[in-house]
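A closer look at the structure
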Amino acid sequence: MTRFTTALLLAFALVPTGRAAAADKLKIVTTIPDLADMTRQVGGDLVDVTSIATGVEDIHAVPMKPSFAVLLNGADAVVVVGLDAEHGFLPGLLEASRNPKIQRDQPGYIDTSVYVTPLEVPTRIDRSLGDQHPMGNPHINLDPVMGKDMVRAIADGLIRLDPAHESTYTANLATYTAKLDAAIARWEKEAAPLRGKKLVSYHPDLLYFAERFGMEPVGTIELRAGVDPTPSHIEQLEEQMRRDKVDMVVRELHYPAGLAETVAQATGTKLVELPVMAGGLPDTKDYISFVDHNVRTMLEALKGS
Ligand SMILES: [Zn+2]
C-alpha cells in the first residue's frame, strides 16, 4: 500500500459518522440564491448546494455559461422558482446537461411554486409579443409567506429523493419555518407605514411583496412584462402617477437607471432601488436578510420623502 492510499483511507476513516461524507451528499443545483439558502436550511449536512445565479441577474435572462451544464450534469436535483420564471435559460441548460434525473416532471426537478396560486395569469398568451409571464406572475420569492410555501416544496423534493432521511428534513423544515414565521410577524409590524402606499416598478417584480404589505402597485415602466417601454406609455404613466399621487418608483437593480430616474424626477416621486433575489447586495446574503433589506429600504425611502 502506498503512503498516498494509506493517507486516503485514513482521511475517509476520519469522516464523522453522524455527518454525510461529501460524496454521499445530495448534489443540488438551484437557479437563484434564495433557493440555495432555503435548500441548505432544509437539507443541512445532507446536501451540497450551488446556485446558478449570484443574485444580480434578471431571473428571466440569467446569462448561460458552459460550466452550468457541467454542474447540472452531476446534479441529483435542480430546484427552480417555477411558473416559467426561468424559461429564458433553464430549458436550454437542462437539455445541455444530458442528465435524465433532473428533467421536468422527473423526481430530481423540484418546482417551488407548486403550493402557490399565481396572480396575473393571462387569459391569452402571445409569446411573439415578448410576454415573460405566460403562467402568471412568477416573482413569488419577494413575498416571505410564499417563501414558506417554497421551502415546503423543497422539503417534499428532498424527501422524495432521499426518504431515508425524512425525519431530518421534516425537523429542519419545522425549524426554518418557525424562524420565517417570527421574521414575518416582525415585518408585518414594521411595514405598517407601507400600507396604502402606491408604487410603480420597472417590471412587475414587486406584485406579491406589495400584496403582502398592503401596498398598491399602479403600473410599470415596461409596457408589459418583458416588453420595453414606448414614449407614449411613459407619458401616460407619468400622467397617471401625478393623478394618483404615487409614493415611489422602484428600480429593480438589474434594470437601467436612466429611465427610472427620469420618470421619478418628472413626477417628483421618490426613487427606490431594490434587489429581486438574495445575494444581489452585500447585506442580502440569505433569504431573510434579503426580505429584511427590501422592507427596510422602502421604509427609509418613505421617511425621507
Ligand atoms: Zn418577471
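Attention in this report is confined to the structure presented alongside it.

The rules behind the values
Residues numbered from 1 in each chain as written. Predicted model: local features only at pLDDT ≥ 70, side-chain atom pairs only at ≥ 80, totals over all residues. Heavy atoms only, no water. Phe/Tyr/Trp six-rings, centres within 6.5 Å; stacked < 30°, edge-to-face > 60°. Lys NZ or Arg CZ within 6 Å of the ring centre and 35° of its normal. Donors = N, O, S within 2.8 Å, 3.2 Å for Na, K, Ca; no water. Tetrahedral: all angles 85-135°; square planar, octahedral: opposite > 155°, others 65-115°. Helix = DSSP H or I, 4+ residues; strand = E, 2+ residues; numbered from the N terminus. Buried < 20%, exposed > 50% of the residue type's maximum accessible area, 1.4 Å probe, protein only. Pairing = 2+ DSSP bridges. Axes fitted to C-alpha atoms, helices over the stretch in contact; angles between N-to-C directions. Contact = heavy atoms within 4.5 Å.

Quick look at the packing of aromatic side chains now. Going through the model one piece at a time under the given rule, you end up with 3 aromatic pairs. Residue placement shows arginine 152 over the ring face of tyrosine 115; its charged tip is 3.6 Å from the ring centre.

Let's shift gears to the coordination of the zinc ion. In ideal tetrahedral geometry, four donors around a metal make angles of 109.5 degrees, whereas ideal octahedral geometry with six donors gives angles of 90 or 180 degrees. Around the zinc ion, the protein contributes the donor atoms His60 (NE2), His133 (NE2), His139 (NE2) and His203 (NE2), at 1.9 to 2.0 Å from the metal centre. For the zinc ion, the 4 donor atoms in the first shell make angles of 107 to 115° at the metal, a pattern classed as tetrahedral. One chain supplies every donor for the zinc ion, spaced along it as H-x72-H-x5-H-x63-H. Remark: histidine 203 occurs in the loop between β5 (198–201) and α7 (207–212) and histidine 139 occurs in the loop between β4 (109–111) and α5 (144–161); sequence separation between them is 64 residues. Both residues of the pair, histidine 139 and histidine 203, belong to the buried class.

One open sheet holds the 4 strands; their spatial order is β2-β1-β3-β4, and the pairing between them is parallel. The sheet terminates laterally at β2 (47–51) and β4, the two strands that pair on one side only. Averaged over all neighbouring strand pairs, the angle between strand axes comes to 25°, with direction disregarded. Note that strand β1 (residues 26–30) and strand β3 (residues 77–80) share 3 bridges and pair parallel. The partner of valine 29 across the bridge, within β3, is valine 78. Sitting on the sheet, helix α2 (residues 33–43) is in contact with β1, β2 and β3, with an inclination near 175° to β2.

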